[in-house]
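Each chain is listed here by its residues.
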Amino acid sequence: MAGRANIPTNSSALIAIIADEDTVTGFLLAGVGNVDLRKKTNYLIVDNKTTVKQIEDAFKEFTTREDIAIVLISQYVANMIRFLVDGYNKPVPAILEIPSKDHPYDPAHDSVLSRVKYLFSAESVASDRR
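Presented here is an overview of the structure given in this document. (Residues numbered from 1 in each chain as written. Predicted model: local features only at pLDDT ≥ 70, side-chain atom pairs only at ≥ 80, totals over all residues. Heavy atoms only, no water.)

What follows is about the sheet that holds strand E2 (residues 43–45). Within a sheet, neighbouring strands are paired by backbone hydrogen bonds and run either parallel or antiparallel to one another. Spatially, four strands are ordered E2-E1-E3-E4 in an open sheet, and the strand pairing comes out parallel. At either margin of the open sheet sits one strand with a lone partner, and together these are E2 and strand E4 (94–98). The mean inter-strand angle of the sheet, taken between neighbouring strand axes irrespective of direction, is 20°. Pairing analysis gives three bridges linking strand E1 (residues 14–19) to E2, with the strands arranged parallel. Across the sheet, the residue bridging to Ile18 is Leu44, located in E2. (Pairing = 2+ DSSP bridges. Helix = DSSP H or I, 4+ residues; strand = E, 2+ residues; numbered from the N terminus. Axes fitted to C-alpha atoms, helices over the stretch in contact; angles between N-to-C directions.)

Looking now at the nonpolar core. Ranked by internal contacts, the top residues of the largest apolar core, which has 20 residues, are Ile18, Phe59 and Ile73. Of all elements in the fold, only E1, helix H2 (52–64), strand E3 (68–74), helix H3 (75–80) and helix H4 (82–87) reach the threshold of two or more residues within this core. Those residues within four positions of Phe59 in sequence are excluded, and the remaining contacts are Ile18, Ile73, Ile81, Leu84, Val85, Tyr88 and Ile95. If you look at the next biggest cluster of nonpolar residues, it comprises five residues, including Ile17, Ala19, Leu72 and Ile98. (Core = buried A, V, L, I, M, F, W, Y, C linked by side-chain atoms within 4.5 Å. Buried < 20%, exposed > 50% of the residue type's maximum accessible area, 1.4 Å probe, protein only. Contact = heavy atoms within 4.5 Å.)

Inspection of the secondary structure assignment puts Phe59 in helix H2. Among the residues examined, Phe59 registers a relative accessible area of 2% and is labelled buried. Sequence separation of Phe59 and Leu84 is 25 residues, and the distance between their C-alpha atoms is 8.2 Å.

Shown next, in the form of structure tokens:
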């Protein structure tokens, strides 16, 4: 079909994660971690020594890799690179913002939720015109 996203059909689609140490460790223990032959990982641990440039580079790398289907990013980390997260508009890999232990989830800053609200408000306006 025209306009549909090409989702990799092989069984090697990965989940990438950009978050604090506790969150990444939890996902690694659940089996999300991967290190390829070039020693490239599918995660970035963000701490007080991590620069915004490193976060930007990891986000750009994860969103361009063909073997990644979902990028999980802590919302407080996403706020550091909000311009990149909000500017990303491809369906695959999907970007999902998650809460972390030290930073509660704020729906006002979630880019996916704001896009959904926009779509539903546009649909309601269009249906009112009929």
